[in-house]
Amino acid sequence: KNQVEQSPQSLIILEGKNCTLQCNYTVSPFSNLRWYKQDTGRGPVSLTIMTFSENTKSNGRYTATLDADTKQSSLHITASQLSDSASYICVVSFNTGGFKTIFGAGTRLFVKA
Amino acid sequence: DSGVTQTPKHLITATGQRVTLRCSPRSGDLSVYWYQQSLDQGLQFLIQYYNGEERAKGNILERFSAQQFPDLHSELNLSSLELGDSALYFCASSPLAGGKNEQFFGPGTRLTVL
């Protein structure tokens, strides 16, 4: 069964600290993996996208990694800011009789001063 | 600003009613996606249109329908509304139909069914 699981469900960190969010998937055949940031009540915004051959992608203080062998991805946030408080969603696309996309449930990050 | 617009921003209606949500994709994007996000839940894919034709279907109820018009804007019709249909409805667009395309999300329509 094609699934995307994210952990932890929620996370509280202090401003300035680093954190890592996890995404495991059982999708096949894999096409690409994206991380989105969603502020409360707003539409998701893409942070990174990686294909099978890419194992790391950065966007400012956000760095995503991908291990296609173990089907795991992580999103590392460096020097967190209050504005990083949001839900982070892992999205995996696969191609089986047409492209399909599965959204993870997200990790809700709270950055405290 | 993603370039995707959705109207209305908020909608309050009663059970049993029918509503229409509207989405205008980014200029040049041919593909439109609709998603439902209930309170504190993840995004649920409903349906995708590409250049006027239905491309993929997700967990869309039979009471819901959508279409994409020649000018590429899309409408999501929700009928016989139930309390459980209260949610944020997002529209996204992408240049092409394939999964490699980044999807750009609109600000959403918040639907409240009383």
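Structural data are supplied above this passage.
As the structure is a computational prediction, the values presented were derived from the model and not from experiment. (Residues numbered from 1 in each chain as written. Chains lettered and ligands numbered in written order. Predicted model: local features only at pLDDT ≥ 70, side-chain atom pairs only at ≥ 80, totals over all residues. Heavy atoms only, no water.)

Asker: For this particular structure, what's the right way to read the sheet that holds strand β7 (residues 62-67) of chain A?
Answerer: Within a sheet, adjacent strands bond to each other through the backbone by hydrogen bonds, running parallel or antiparallel. Residue and element names in this part refer to chain A. With respect to topology, five strands assemble into an open sheet ordered β1-β3-β8-β7-β6, the strand pairing being antiparallel. Both outer strands of the open sheet, β1 (4-7) and β6 (56-59), are each paired with one neighbouring strand and no more. On average, each strand axis in the sheet is inclined to that of its neighbour by 15 degrees, with strand direction left out of account. Note: β6 against β7, four bridges, orientation antiparallel. Residue S58 lies in a different strand from β7, and its bridge partner there is T63. (Pairing = 2+ DSSP bridges. Helix = DSSP H or I, 4+ residues; strand = E, 2+ residues; numbered from the N terminus. Axes fitted to C-alpha atoms, helices over the stretch in contact; angles between N-to-C directions.)

Asker: Would you mind showing me how to read the sheet that holds strand β3 (residues 19-24) of chain B here?
Answerer: All names here are of chain B. Taken together, the four strands give an open sheet; going across it, the order is β1-β3-β8-β7, and neighbouring strands pair in antiparallel fashion. Each edge of the open sheet carries a strand with a single partner, namely β1 (5-7) and β7 (64-68). Between one strand axis and the next, the sheet turns through 15 degrees on average, direction left out of account. Bridge analysis of β1 against β3 gives three bridges, and the strand direction is antiparallel. Across the sheet, T7 pairs through a bridge with R22, a residue of β3.

Asker: How do you make sense of the packing of aromatic side chains when you look at a structure like this?
Answerer: For any two aromatic rings, the description comes down to two numbers: the centre-to-centre distance and the angle of the planes. In the structure shown here, the tally under the stated rule is nine aromatic pairs over all chains. Consider the rings of F64 of chain B and Y89 of chain B, whose centres lie 6.5 Å apart with planes at 75 degrees: the pair is edge-to-face. Of this pair, F64 of chain B sits in strand β7 while Y89 of chain B sits in strand β9 (residues 87-94), and the two are 25 residues apart along the sequence. Like F64 of chain B, the residue Y89 of chain B is buried in the burial classification. Relative to F105 of chain B, the ring of F90 of chain B has its centre 6.4 Å away and its plane inclined at 80 degrees; by these criteria the two rings are edge-to-face. Of the two residues, F90 of chain B sits in strand β9 while F105 of chain B sits in strand β10 (residues 104-105), which places them 15 residues apart along the sequence. One aromatic cluster in this structure is built from Y36 and F103 of chain A together with Y35, F45, F90 and F105 of chain B. Its guanidinium or amino end placed over the ring of Y62 of chain A, R61 of chain A lies 5.7 Å from that ring's centre, counting from NZ or CZ. The lysine or arginine in question, R26 of chain B, covers the ring of F104 of chain B, its NZ or CZ lying 3.7 Å from the ring centre. (Phe/Tyr/Trp six-rings, centres within 6.5 Å; stacked < 30°, edge-to-face > 60°. Buried < 20%, exposed > 50% of the residue type's maximum accessible area, 1.4 Å probe, protein only. Lys NZ or Arg CZ within 6 Å of the ring centre and 35° of its normal.)

Asker: I would appreciate a short explanation of the pattern of salt bridges in the present structure.
Answerer: Side chains that differ in sign of charge can pair as their charged atoms come close. All chains considered together, the criterion is met by five salt bridges over all chains. E54 of chain A is paired through a salt bridge with K57 of chain A; the nearest N and O atoms lie 3.3 Å apart. Look at E54 of chain A and you get partly exposed, because its relative accessible area is 26%. Between R63 of chain B and D85 of chain B there is a salt bridge, and its shortest N-O distance comes to 2.9 Å. Here the residue R63 of chain B occupies a position in the loop between β6 (53-57) and β7, and D85 of chain B occupies one in the loop between β8 (74-78) and β9, the gap between them amounting to 22 residues. (Salt bridge = Lys/Arg side-chain N within 4 Å of Asp/Glu carboxyl O.)

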